[in-house]
Amino acid sequence: HEFHVFSLSNPTELSPINTLSVPERLISLATDGQRAYLVDSALHLLIIDISNPAVLVQLSRTQIELGVPRMLRAVSGVLYVVEAVGLDGVPTGLRVIDVSDPSGPVQIGFYAFNQEFEAHSIGIQGNTAMIARGTIDGKGSIELFDIDNPGAPVLIASHVVDGAIEGIVTAPMK
C-alpha cells in the first residue's frame with residue numbers, strides 16, 4: 001500500500017517523485033497547502049507533510065470514528081469528510097475535523113444525514129459546503145451547508161432531483 005507523488009511540470013508526462021508506504025489500503029484523500037490527508041481502510045486518518053515532495057513525512061496516523069468516507073476536502077486546517085455508509089452503529093454524515101495540529105486531529109463538528117441518500121461528493125466554496133448525495137434507484141440530492149462555524153454545520157438548502165448526482169465541482173464566482 002503506497003501513497004504516490006508525481007510531478008506535473010511536463011503536461012505530457014507524469015514523472016514519479018516519491019512514494020510513501022502505508023500500512024493499509026488508502027480509500028480517500030485530500031490536500032491543503034503542504035499537507036495531504038488520507039483515510040485508510042482501517043479508518044485511520046494519516047496526515048502527511050508534502051512540503052518537499054522528495055521527502056514525504058508522515059506526521060500522524062490516528063484512529064477516528066467514521067462511517068466509510070466517500071470524499072474529503074481540506075480547507076485552512078479543517079477537514080470535511082462525507083461518509084457513504086455507517087459502520088457498527090456509527091451515524092453517517094458530514095464530519096468536521098480540526099487538523100491544525102497534525103499530532104492530534106479532533107472532531108469538532110458533525111451533521112447526521114438522513115439515510116435516504118448516500119453521500120458521493122463534497123465541494124467547498126467560501127463558507128458553504130455543497131454535498132451531492134444519491135440513492136440506488138437513481139434519485140439525487142444537492143445539499144448546502146453553512147460552515148461559517150465549522151464546529152456546527154447548518155443545512156441551509158437542499159434540492160432533490162430525478163437522476164443520479166455522483167459528483168460536485170465548485171468554481172470561483174466572477
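For the structure, check the block above.
Bear in mind the structure is a predicted one, so any value in this text is a computation, not a measurement.

Draft legend 1. Main features of a nonpolar patch on the surface. Where nonpolar side chains cluster on the molecular surface, the patch consists of Phe6, Leu8 and Leu14 and spans about 340 Å² of accessible area. On the secondary structure map, leucine 8 appears in the loop between strand S1 (2-7) and strand S2 (15-21).

Draft legend 2. Geometry of the sheet that holds strand S11 (residues 118-125). Taking strand neighbours across the sheet as the criterion, the four strands line up as S11-S12-S13-S14 in an open arrangement whose pairing is antiparallel. Two strands in the sheet have a free side with no partner beyond their single neighbour: S11 and strand S14 (154-162). In this sheet, neighbouring strand axes are inclined to one another by 20 degrees on average, regardless of whether the strands run parallel or antiparallel. With seven bridges connecting them, S11 and strand S12 (residues 128-134) associate as antiparallel partners. Following the sheet pairing, glycine 123 is matched in S12 by methionine 130.

Draft legend 3. Local environment of the side chain of histidine 44. Inspection of the secondary structure puts histidine 44 in strand S5 (residues 44-49). A relative accessible area of 14% places histidine 44 in the buried class. In terms of polar contacts, histidine 44 uses its side chain to reach the side chain of glutamine 63, at 2.9 Å. If we ignore the near neighbours within four places in the chain, the residues touching histidine 44 are Leu38, Val39, Arg61, Thr62 and Gln63.

Draft legend 4. Expanded view of the pairing of S5. With five of six residues buried, S5 lies mostly within the body of the structure. Two successive antiparallel strands, strand S4 (residues 35-40) and S5, enclose a turn made up of three residues, where leucine 43 displays a positive phi of approximately 60 degrees. The sheet contact formed by S5 and strand S6 (residues 57-63) spans six bridges and is antiparallel. In the sheet register, aspartate 49 faces S6, and the bridge partner there is valine 57.

Conventions used here
- Residues numbered from 1 in each chain as written.
- Predicted model: local features only at pLDDT ≥ 70, side-chain atom pairs only at ≥ 80, totals over all residues.
- Heavy atoms only, no water.
- Patch = residues over 30% accessible without salt bridge, like charges linked within 9 Å, V, L, I, M, F, W, Y side chains within 5 Å.
- Areas by Shrake-Rupley, 256 points an atom, 1.4 Å probe, with all protein chains shown as cover.
- Salt bridge = Lys/Arg side-chain N within 4 Å of Asp/Glu carboxyl O.
- Helix = DSSP H or I, 4+ residues; strand = E, 2+ residues; numbered from the N terminus.
- Pairing = 2+ DSSP bridges.
- Axes fitted to C-alpha atoms, helices over the stretch in contact; angles between N-to-C directions.
- Buried < 20%, exposed > 50% of the residue type's maximum accessible area, 1.4 Å probe, protein only.
- Polar contact = N/O pair within 3.5 Å; in protein donor to acceptor, adjacent residues only side chain to side chain.
- Contact = heavy atoms within 4.5 Å.

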